[in-house]
Amino acid sequence: MATMVHTTAGQEYLAVLLLIIITLLFGLITLFVGRFFRMSRPYPEKLVAYESGNEPTAEPRTRFSIKFYYVAILFVIIDVEAIYLYTWAVEFVRLGSLGMVEMFTFMALLVLGYLYAWKKGAFQWVK
């Protein structure tokens, strides 16, 4: 005859809490010990900002065009779209017609977003 083990809510999360504590301690101890054993020989060439092996050509606090941010947001949208489409395709049969309506709604919102970005010129690098 099987016996049931009764646990409280706190006991269920004890392993997660222990893992978090061990992870934090490992990171802090590693940084602390590394500070004493690593070599530190700063010299002028080592302290120069690194830009893909090239000498820096401008100040680091220059302004960027807003188009870079548009492109970044579009990449995030594409990633979310890919994740949502993949999970939808895996569960397509189980979702049925409601899943199809949800996907068409999602795709319509994405198309509206792309049209808005196109209207704002986010896909054109040179004007």
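Residues numbered from 1 in each chain as written. Predicted model: local features only at pLDDT ≥ 70, side-chain atom pairs only at ≥ 80, totals over all residues. Heavy atoms only, no water.

Under an unreviewed UniProt entry, the protein chain has the name NADH-quinone oxidoreductase subunit A and belongs to Desulfovibrio falkowii. Annotation of the protein chain in UniProt includes, under Catalytic activity (unreviewed entry), the sentence "a quinone + NADH + 5 H(+)(in) = a quinol + NAD(+) + 4 H(+)(out)". UniProt, in the comment section headed Sequence similarities (unreviewed entry), describes the protein chain in these words: "Belongs to the complex I subunit 3 family." (UniProt positions renumbered as here; feature names shortened; annotations may be inferred.)

Colleague: So what about the packing of aromatic side chains? Which residues, and what values?
Modeller: Tallying each qualifying case throughout the model produces 3 aromatic pairs. Relative to Phe36, the ring of Phe32 has its centre 5.1 Å away and its plane inclined at 80 degrees; by these criteria the two rings are edge-to-face. Of the two residues, Phe32 and Phe36 are both situated in helix H2 (residues 14-37); the distance of 4 residues between them amounts to about one turn of the helix. Residues Phe32 and Phe36 agree in their burial class; the two are exposed. (Phe/Tyr/Trp six-rings, centres within 6.5 Å; stacked < 30°, edge-to-face > 60°. Helix = DSSP H or I, 4+ residues; strand = E, 2+ residues; numbered from the N terminus. Buried < 20%, exposed > 50% of the residue type's maximum accessible area, 1.4 Å probe, protein only.)

Colleague: Describe the confidence of the model for the protein chain, and please don't skip the residues or the numbers.
Modeller: Scored by pLDDT, the protein chain comes out at a mean of 82, with 87% of its residues at no less than 70. Mean pLDDT across the elements of the protein chain ranges from a minimum in helix H1 (residues 9-12), with 75, to a maximum in H2, with 94. (pLDDT = per-residue confidence, 0-100.)

Colleague: Just give me the short version of helix H4 (residues 92-119), but keep the residues and values in it.
Modeller: Each α-helix turn comprises 3.6 residues. Residues three or four places apart therefore point the same way. With 28 residues, H4 should cover 40 Å at 1.5 Å per step; its first-to-last C-alpha distance of 33 Å lies more than 12% under that length. Remark: the principal bend of H4, roughly 75 degrees, maps to Leu98. Taken together, the buried positions of H4 are Gly99, Met103, Phe106, Leu110 and Ala117. On its buried face, H4 sits against helix H3 (66-90). Phi turns positive one or two residues past the end of H4, at Gly121, with a value near 85 degrees. (Expected span 1.5 Å × (residues − 1). Bend = angle between axes of the 7 residues up to and from the residue. Contact = heavy atoms within 4.5 Å.)

Colleague: Explain the UniProt feature "transmembrane region" (unreviewed entry) in the protein chain to me, and be specific about the residues and the numbers.
Modeller: Sites flagged by UniProt as "transmembrane region" (unreviewed entry) map to residues 13-37, 68-89 and 95-117. Annotated as residues 13-37, this span is 96% helix and 0% strand, and its ends, taken at the C-alpha atoms, are 36 Å apart. Between the end C-alpha atoms of residues 95-117 the distance is 31 Å, and the span holds 100% helix and 0% strand.

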